[in-house]
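Here is what each chain is made of, one letter per residue.
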Amino acid sequence: MCLKQKMLLGLLAAGLLTGCGSQGSGMSSTMTEKQEEPVVVTVWNYYNGPQNEEFEHQVQQFNDTIGREQNIIVESVSMGAIQELMQTVSDSVKKKAGAESLPSLCAAYTDMAFKLNQKGLLADMSPYLTEEELGAYVDAYLDEGRFAGDGTIKIFPMAKSTEVMTLNQTAWEPFAAETGTDLSELSTWEGVAAVAERYFQWTDEKTPGLAGDGEAFFGRDAFANYLLVGSRQLGHELFTMKDGSVVLDFDRDTMKKLWDYYYVPFVRGYYVCDGRFRSEDLKTGRLIACVCSTSGAPYTPDMVVHEDGSREAITCMILPLPNFAGTKPMAVQQGAGMVLLEGDDRTEQAAMEFLTWFTGTDVNLEFCLKSGYLPVTQEADIEEYLNQELKWEPEFSSALRDNLLTGMEMTKTYELCTMIPFEKGSEARGELDAGMTVRAEEDREKVERMLAGGMTLEEAVERLDPDAQFETWYEETKERLNTLVK
């Protein structure tokens, strides 16, 4: 709990505060009259573990302070993973037998919000916000909610995330010292591939009696982000909207470059994807560097558990997301926002009272510090806040702290990208997420079988013919994406 919040709660407990508004002043005056029956705001979210615990803690704080004052009760319900939440919402919209009534607020990505908006189920949030209040938020986060193109706001930013690189510093240091590898090489995708090859060869040489048994260096989560952001960096945005229709720009040369800096290192054994998330591969020592969401920071390991059961304490460092050499730095902005389901005026207003309170700088920073998400206001000085907060709760890990600082710096220096919503957007993203990665994993297994049969790595890769594999993947993927877009 931050210092300002502790003071606030103390004053409330002492009965010294008689009124407290939201982040701005545009709504507070309208909610001061007490109603006989409290207005109940139901919130469906997809938070789990530490994130859900912290969200429920914040909800309780609201209920105990502003909610009590304004006669509002917020009820938070975790629906599990985002896929489970989307299914529950779909069942409710279709009014399936046993389905729950739609909530007041619901976590949603743009594709789900797009579909709900098409059905006329979403309220416009802009009338509940003053210009001063709107000006406090990061522009790119608000723009995501303006997808309808008519000036309305249909998604409200709650807490966001981007992607960073996590590096096992304990494993990196001896490798870097012996090979002369510099940390700056990890700032580009070209550099990551070169370092990964060097690491494979360095680890291979550690067992001179066994040729070709080098170790993987890198892996990544959410592969679709690599294609979406990388393609945009290289001058071709995959999906754009023109005259109300989605246009696909699946440039062959761009895709070939993206292929060469993921598929090729993967089939050569320099990259790996074993566990459900790359943080799991970091924990088992299958790799020493990975790209994952800032919201995954609470799961950053401080211990590697090797196959033989031995354990090794490690220190991880957080680096900015790599870019292609010579391009403008770009990264994905992700993390579901909140949509406001249409209801009576009092419920909508109460829901917005909670949202503006939750995204106020101090409250939002506290949630982000505990959950790994990034704050959504422009004025959030997370470094100053951390220095203050760590005096109260010094047990926060350095990885979590560095994750937040790196992510916040990126929001100031990187262009933040998001995929436009459209009817088959989820299916298109799924195609991007799985197509190349599944092929890379299957072809790596083919290479391993050839290695077991006595071939060298170079012979096995030549037999596989990555260029021919690219042509097949490219044509198949382009055809499927064109079908989804149309």
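Our subject is the structure that appears above.
Residues numbered from 1 in each chain as written. Predicted model: local features only at pLDDT ≥ 70, side-chain atom pairs only at ≥ 80, totals over all residues. Heavy atoms only, no water.

If you walk across this open sheet you meet the four strands as 2-1-3-13, and the pairing is mixed. The open sheet terminates on both sides in strands that have one partner only, identified here as strand 2 (72-78) and strand 13 (337-340). Here the average twist between neighbouring strands, direction ignored, is 25°. Of the strand pairs in this sheet, strand 1 (residues 39-45) and strand 2 are connected by seven bridges, and their pairing is parallel. (Pairing = 2+ DSSP bridges. Helix = DSSP H or I, 4+ residues; strand = E, 2+ residues; numbered from the N terminus. Axes fitted to C-alpha atoms, helices over the stretch in contact; angles between N-to-C directions.)

Once that is clear, we can look at the packing of aromatic side chains. A full pass over the atoms with the stated rule returns 41 aromatic pairs. Measuring from ring centre to ring centre gives 5.9 Å for Trp 189 and Phe 218, while their planes differ by 65°; the resulting arrangement is edge-to-face. Of this pair, Trp 189 sits in helix 8 (residues 189-205) while Phe 218 sits in strand 5 (residues 218-220), and the two are 29 residues apart along the sequence. Looking at Phe 218, the relative accessible area reads 1%, which means it is buried. By way of ring pairs, the aromatic residues Tyr 46, Tyr 47, Phe 55, Phe 62, Tyr 109, Phe 354, Trp 357, Phe 358, Phe 367 and Tyr 373 are connected into one cluster. (Phe/Tyr/Trp six-rings, centres within 6.5 Å; stacked < 30°, edge-to-face > 60°. Buried < 20%, exposed > 50% of the residue type's maximum accessible area, 1.4 Å probe, protein only.)

Moving on, we get to the sheet that holds strand 4 (residues 163-168). Strands sit in the order 5-8-4-11 across an open sheet of four strands; the sheet is mixed. The open sheet is flanked by strand 5 and strand 11 (316-320), the only strands paired with a single partner. Averaged over all pairs of adjacent strands, the angle between strand axes in this sheet comes to 25°, irrespective of strand direction. Pairing analysis gives five bridges linking strand 4 to strand 11, with the strands arranged antiparallel.

This part takes up unusual backbone geometry. Even without being glycine, Ala 222 reaches a positive phi, approximately 45°. Position of Ala 222 relative to the elements: it lies in the loop between strand 5 and helix 9 (223-233). Looking at Ala 222, the relative accessible area reads 30%, which means it is partly exposed. Of note, the phi angle at Asp 243 is positive, near 50°, even though the residue is not glycine. Within the secondary structure layout, Asp 243 lies in the loop between strand 6 (239-242) and strand 7 (245-248). The class for Asp 243 is exposed, based on a relative accessible area of 76%.

Our next topic: helix 14 (residues 361-371). Turn by turn, an α-helix covers 3.6 residues, leaving residues three or four places apart pointing in a common direction. Extensive coverage of helix 14 is indicated by the burial of 10 of its 11 residues. By the burial criterion, the buried members of helix 14 are Thr 361, Val 363, Asn 364, Leu 365, Glu 366, Phe 367, Cys 368, Leu 369, Lys 370 and Ser 371. At the exit of helix 14 stands Gly 372, carrying a positive phi of roughly 95°.

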